[in-house]
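Listed below are the residues making up each chain.
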Amino acid sequence: MHLIFDAGSGIRELGRELMAEPAQQLHLFITHTHWDHIQGFPFFPPAYTPGWEIEIYGEKHLNKPLKSVFKGQLDSEYFPVQMEDMRAHLGFHHLHGESIEIEDVKVSWIRVEHPGMTLGYKIEIEGKKIVWIPDNEFLKGHLDPLDDISRESDVVGPYLPLIDFVTGADTLIHEAQYTDEEYPAKVGWGHTSVGNACLLAHLAGVKRWLVTHHDPTHDDAFLERKLNQTRQMLHRLGSSVQVAHAYDGLTEYI
Ligand SMILES: [Zn+2]
Ligand SMILES: [Zn+2]
């Protein structure tokens, strides 16, 4: 069984690989419908192939059902093929409550800090926890040093539900899009600074943190320096979190 989280450009390559398997049911969870999280879907080969069943989960965006957003990006102004031409079964599901179970996997979700309605997901399987939060501005607007901040600090209070949600994750996949130097100019853009993201991983006591959703203006050399800063910050916090950068095609065994 495959669970897929978001449908950015990477879902095209995934779809090509899946086509080597028999037609089957897929479960696609969407954090939010900004372009970078849905724009790969029109290029997802299983969607065009009879026999595949794609169940798509997400929040209803204001007054717009999830299906309308997916259908909208396939309007003929944007794309030559419309949703009616997709031969797979497409099921759209608005998430209610806190979690669902699919076979032996529990998927739960939480609202995070990002423009529009955006979710983070937790996947629990065989006692392991993986958390996927690609877009989230943790400690929004917090620019001060972090050394003395604990779960009891006032600034952390509004974020305790999120910290609890993440706590104990074997793998946290979470952004740290801006360096601490860049962040003051980007407050409110919906993304976390390196320092604030380190604090989240540390307070939640995650084992391993994969940093994702890199800023498109950061080249490889910049990202390498940013990863060093991330390691230094975790060290300063006295954290035992292992950190690495996520990249296209990365496989992790948990
Ligand atoms: Zn977004
Ligand atoms: Zn995004």
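In this text the structure is predicted, and so the values were computed from the model without any measurement.

### Remarks on the overall build of the protein
Thinking step 1. Along its length, the protein carries 6 helices and 11 strands.
Thinking step 2. Expected size for 254 residues packed as a compact globule is a radius of gyration near 18 Å; at 19 Å, the protein falls within 12% of this value.
Thinking step 3. Along the longest, intermediate and shortest principal axes, the C-alpha atoms of the protein span 55 × 40 × 35 Å.
Thinking step 4. When burial is assessed residue by residue, the protein has 49% of its 254 residues classed as buried.
Thinking step 5. Pairs at least 24 apart in sequence give 68% of the contacts found in the protein among residues at least 6 apart.
Thinking step 6. Roughly 12,700 Å² of accessible area belongs to the protein as shown, and the carbon and sulfur atoms make up 50% of that amount.
Thinking step 7. Measuring between centres, the 21 positive side-chain charges of the protein sit 1 Å from its 38 negative side-chain charges.

### Some details on the coordination of the zinc ion (ligand 1)
Thinking step 1. Taken together, the protein donors to the zinc ion (ligand 1) comprise His32 (NE2), His34 (ND1) and His114 (NE2), at separations of 2.1 to 2.2 Å.
Thinking step 2. Look at where the donors of the zinc ion (ligand 1) fall in the sequence and you get H-x1-H-x79-H.

### Some words on unusual backbone geometry
What is expected of a backbone is that most residues other than glycine have negative phi and most peptide bonds are trans.
Thinking step 1. Phi at Glu103 takes a positive value of approximately 50 degrees, unusual for a residue other than glycine.
Thinking step 2. Residue placement: Glu103 occurs in the loop between strand S5 (99–102) and strand S6 (105–111).
Thinking step 3. You can call Glu103 exposed: its relative accessible area is 66%.
Thinking step 4. Even without a glycine there, the phi angle at Leu139 is positive, about 55 degrees.

### Thoughts on the pairing of S6
Thinking step 1. S6 sits mainly inside the fold: 5 of its 7 residues count as buried.
Thinking step 2. With 4 bridges connecting them, S5 and S6 associate as antiparallel partners. Looking at the pairing, Glu101 lines up with Lys106 of S6.
Thinking step 3. Count of turn residues in the S5/S6 antiparallel hairpin: 2 residues, of which Glu103 carries a positive phi of about 50 degrees.
Thinking step 4. In this structure, S6 lies alongside strand S7 (residues 119–125), joined through 7 bridges in antiparallel fashion. For Ile110, the partnering residue across the bridge sits in S7 and is Gly120.

### Description of the pattern of salt bridges
Thinking step 1. Following the criterion strictly, the structure yields 8 salt bridges and no others.
Thinking step 2. Among the ionic pairs, Arg16 bridges to Glu13, the shortest N-O distance being 3.5 Å. A residue pair is termed a helical-turn pair when its members lie 3 or 4 positions apart in one helix, as Arg16 and Glu13 do in helix H1 (residues 10–18) at 3 residues.
Thinking step 3. Among the residues examined, Glu13 registers a relative accessible area of 41% and is labelled partly exposed.
Thinking step 4. With a closest N to O distance of 3.3 Å, Glu113 and Lys140 form a salt bridge. Separated by 27 residues along the polypeptide, Glu113 in the loop between S6 and S7 and Lys140 in the loop between strand S8 (128–133) and helix H4 (160–166) bring together distant segments of the chain.

### Points about the nonpolar core
Thinking step 1. Judged by nonpolar contacts, the single largest core of 34 residues is most densely connected at Phe138, Leu162, Val166, Leu199, Val206 and Trp209.
Thinking step 2. Going through the elements one at a time, S8, H4, helix H5 (194–203), strand S10 (208–212) and helix H6 (220–236) are the ones with two or more residues in this core.
Thinking step 3. Looking at this core element by element, the count peaks at 7 residues for H5.
Thinking step 4. If we ignore the near neighbours within four places in the chain, the residues touching Val206 are Val166, Ala169, Leu172, Ala201 and Val241.
Thinking step 5. Formed by 23 residues, the second largest nonpolar core is a distinct cluster that contains Ile38, Phe41, Ala47 and Leu74.

### Digging into the packing of H5 against H6
Thinking step 1. One way to put it is that H5 packs onto H6 with a least axis distance of 9 Å and a crossing angle of 50 degrees. Of the possible angle classes, the one that applies to H5 and H6 is oblique. Considering only the axes of H5 and H6, their crossing is right-handed. Where H5 approaches H6, its residues Val194, Gly195 and Cys198 are matched on the opposing element by Lys226, Thr230, Met233 and Leu234.

The rules we used
Residues numbered from 1 in each chain as written. Chains lettered and ligands numbered in written order. Predicted model: local features only at pLDDT ≥ 70, side-chain atom pairs only at ≥ 80, totals over all residues. Heavy atoms only, no water. Helix = DSSP H or I, 4+ residues; strand = E, 2+ residues; numbered from the N terminus. Rg over C-alpha atoms; globule rule 2.2 N^0.38 Å. Buried < 20%, exposed > 50% of the residue type's maximum accessible area, 1.4 Å probe, protein only. Contact = heavy atoms within 4.5 Å. Areas by Shrake-Rupley, 256 points an atom, 1.4 Å probe, with all protein chains shown as cover. Lys, Arg positive; Asp, Glu negative; His and termini not counted. Charge placed at Lys NZ, Arg CZ, Asp CG, Glu CD. Donors = N, O, S within 2.8 Å, 3.2 Å for Na, K, Ca; no water. Pairing = 2+ DSSP bridges. Salt bridge = Lys/Arg side-chain N within 4 Å of Asp/Glu carboxyl O. Core = buried A, V, L, I, M, F, W, Y, C linked by side-chain atoms within 4.5 Å. Axes fitted to C-alpha atoms, helices over the stretch in contact; angles between N-to-C directions. Parallel < 35°, antiparallel > 145°, perpendicular 65-115°, else oblique. Left-handed = near helix turned anticlockwise from the far one by under 90°.

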